[in-house]
Amino acid sequence: VPGEYMLPELIARYQRLQPHVQLRAKVTDTREVLEQVEQGQVHLGLVGGRCDSKNLEYRIFARDELAVIVPTRHAWARQKHITLSQLTSEPIILREVGSGSRACVEAALAQAGKSLNDCRIAMELGSNEAIKEAVMRGLSAAVLSTRAVEREVRAKKLAATRIADTPLVRDMLVVWDRRRVLPIPARLFLDPLDTCNPAA
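This one's a predicted model, so the numbers in the text were calculated from it and none came from an experiment.

A. Region of the structure containing the overall build of the protein chain. A tally of helices and strands in the protein chain yields 7 helices and 8 strands. For 200 residues, the compact-globule estimate of 2.2 N^0.38 gives 16 Å, and the C-alpha radius of gyration of the protein chain, at 18 Å, lies within 12% of that figure. For the protein chain, the spread of C-alpha atoms along the three principal axes comes to 50 × 35 × 30 Å. Relative to its full complement of 200 residues, the protein chain shows a buried share of 44%. Element-wise, carbon and sulfur atoms account for 48% of the exposed surface of the protein chain, whose accessible area totals about 10,800 Å². Side-chain charges of the protein chain comprise 29 positive and 24 negative groups, with the mean position of each set lying 4 Å from the other.

In structure tokens form, the structure reads like this:
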């Protein structure tokens, strides 16, 4: 989500300020981003979750909300909220293991005393776009970031509902390895993120 729906704007803003710096970016899931940062393969990562490594330092730069996404003809399409019991009784599509979106769902279920074992998982896909397409074709409901489906919901191609009393909210984080000195271009990339940091 941060790579597909937030990074382009951040890159555009950065390059207006630093037009002579060439950026290289790769979009993948949270777990792989964290591994690449810790292994020194990349200077910075944008992620939707944390890991237990003491080598990594994080800074919140935005917040994200997940919603239950359904086809517009689905019974939930006109409901502002559904119950957790309704969600666990319906086949759903999830992101793959390692994604921040999936981890957010797992954490919310755990707070409610449940787990993914209580859900009917129809399939797991490693792409937000593939999940949206599957939902639009009526294959199943899904849990996705509201940022990922904003255009489709506005165009009435998909509908979004929330789970009552189960907020699916997470921090969007920039991460780096505290053992390594960030090069100047990477430090300059961090500066604009402070201006949109909700925790500042």
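B. Focus on the packing of helix H5 (residues 128–136) against helix H6 (residues 146–154). Look at H5 against H6: their axes get within 10 Å of each other, and the N-to-C directions meet at 40°. Judged by the angle between their axes, H5 and H6 are oblique. Crossing handedness for the pair H5 and H6: right-handed. Seen from H5, the contacting residues are Asn-128, Lys-132 and Met-136; seen from H6, they are Ala-148, Val-149 and Glu-152. Here the contact of H5 with H6 is composed, by residue class, of 3 nonpolar, 1 polar and 2 charged.

C. Representation of H5 within the structure. For H5, the complete set of buried residues consists of Asn-128, Ile-131, Lys-132, Ala-134 and Val-135. One face of H5 carries all of its buried residues, which in axial projection span an arc of 160°. By the N-cap criterion, in which a side-chain oxygen at the helix start approaches the backbone nitrogen of a residue two or three places on, H5 is capped by Ser-127, the distance to Glu-129 being 3.2 Å. Directly after H5, the chain includes Gly-138, whose backbone phi takes a positive value near 80°.

D. A look at the packing of aromatic side chains. Taken as a whole and assessed by the stated rule, the structure comprises 1 aromatic pair. Ring geometry for Tyr-14 versus Phe-189: centroids 5.4 Å apart, planes at 55°, classification tilted. One end of the pair, Tyr-14, is in helix H1 (residues 2–17); the other, Phe-189, is in helix H7 (residues 184–195), with 175 residues separating them in the sequence. Phe-189 gets classed as buried once you look at its relative accessible area, which sits at 10%.

E. A look at the side chain of Thr-88. With respect to the helices and strands, the residue Thr-88 is situated in helix H3 (residues 84–89). Among residues more than four places away in sequence, those in contact with Thr-88 are Lys-114, Asp-118, Cys-119 and Arg-120.

F. A look at the state of the cysteines. Overall, the coordinates contain 0 disulfides when judged by the stated rule. Of the cysteine sulfurs around Cys-51, a residue in no disulfide, the closest is that of Cys-104, at 17 Å. Free cysteine Cys-119: the closest other cysteine sulfur is in Cys-104, separated by 13 Å. Its relative accessible area of 11% is what places Cys-119 among the buried residues.

G. Summary view of the layout of surface pockets. In this structure, the largest pocket spans a volume of roughly 960 Å³. If you go around the largest pocket, you meet 39 residues; those closest to its centre are Arg-24, Ala-25, Lys-26, Val-42 and Leu-44. For the lining of the largest pocket, the secondary-structure elements that each account for two or more residues are H1, helix H2 (30–38), strand S1 (45–47), helix H4 (100–111) and H7. A per-class count over the lining of the largest pocket returns 18 nonpolar, 15 polar and 6 charged. Counting residues per element, the ones that place at least two in the lining of the second largest pocket are H2, H4 and strand S8 (169–177). Among the elements that take part in the lining of the second largest pocket, H4 stands out by supplying 8 residues, more than any other.

What counts, and where the lines are drawn
- Residues numbered from 1 in each chain as written.
- Predicted model: local features only at pLDDT ≥ 70, side-chain atom pairs only at ≥ 80, totals over all residues.
- Heavy atoms only, no water.
- Helix = DSSP H or I, 4+ residues; strand = E, 2+ residues; numbered from the N terminus.
- Rg over C-alpha atoms; globule rule 2.2 N^0.38 Å.
- Buried < 20%, exposed > 50% of the residue type's maximum accessible area, 1.4 Å probe, protein only.
- Areas by Shrake-Rupley, 256 points an atom, 1.4 Å probe, with all protein chains shown as cover.
- Lys, Arg positive; Asp, Glu negative; His and termini not counted.
- Charge placed at Lys NZ, Arg CZ, Asp CG, Glu CD.
- Axes fitted to C-alpha atoms, helices over the stretch in contact; angles between N-to-C directions.
- Parallel < 35°, antiparallel > 145°, perpendicular 65-115°, else oblique.
- Left-handed = near helix turned anticlockwise from the far one by under 90°.
- Contact = heavy atoms within 4.5 Å.
- Nonpolar A, V, L, I, M, F, W, Y, C, P; charged D, E, K, R; others polar.
- Arc of directions from axis to C-beta.
- Polar contact = N/O pair within 3.5 Å; in protein donor to acceptor, adjacent residues only side chain to side chain.
- Phe/Tyr/Trp six-rings, centres within 6.5 Å; stacked < 30°, edge-to-face > 60°.
- Disulfide = S-S within 2.5 Å.
- 1 Å grid on protein atoms, 1.4 Å probe; cavity = no way out; pocket = protein on both sides within 12 Å on 5 of 7 lines; lining within 4 Å.
- Points joined across faces, edges and corners; volume = space filled by probe spheres on them.

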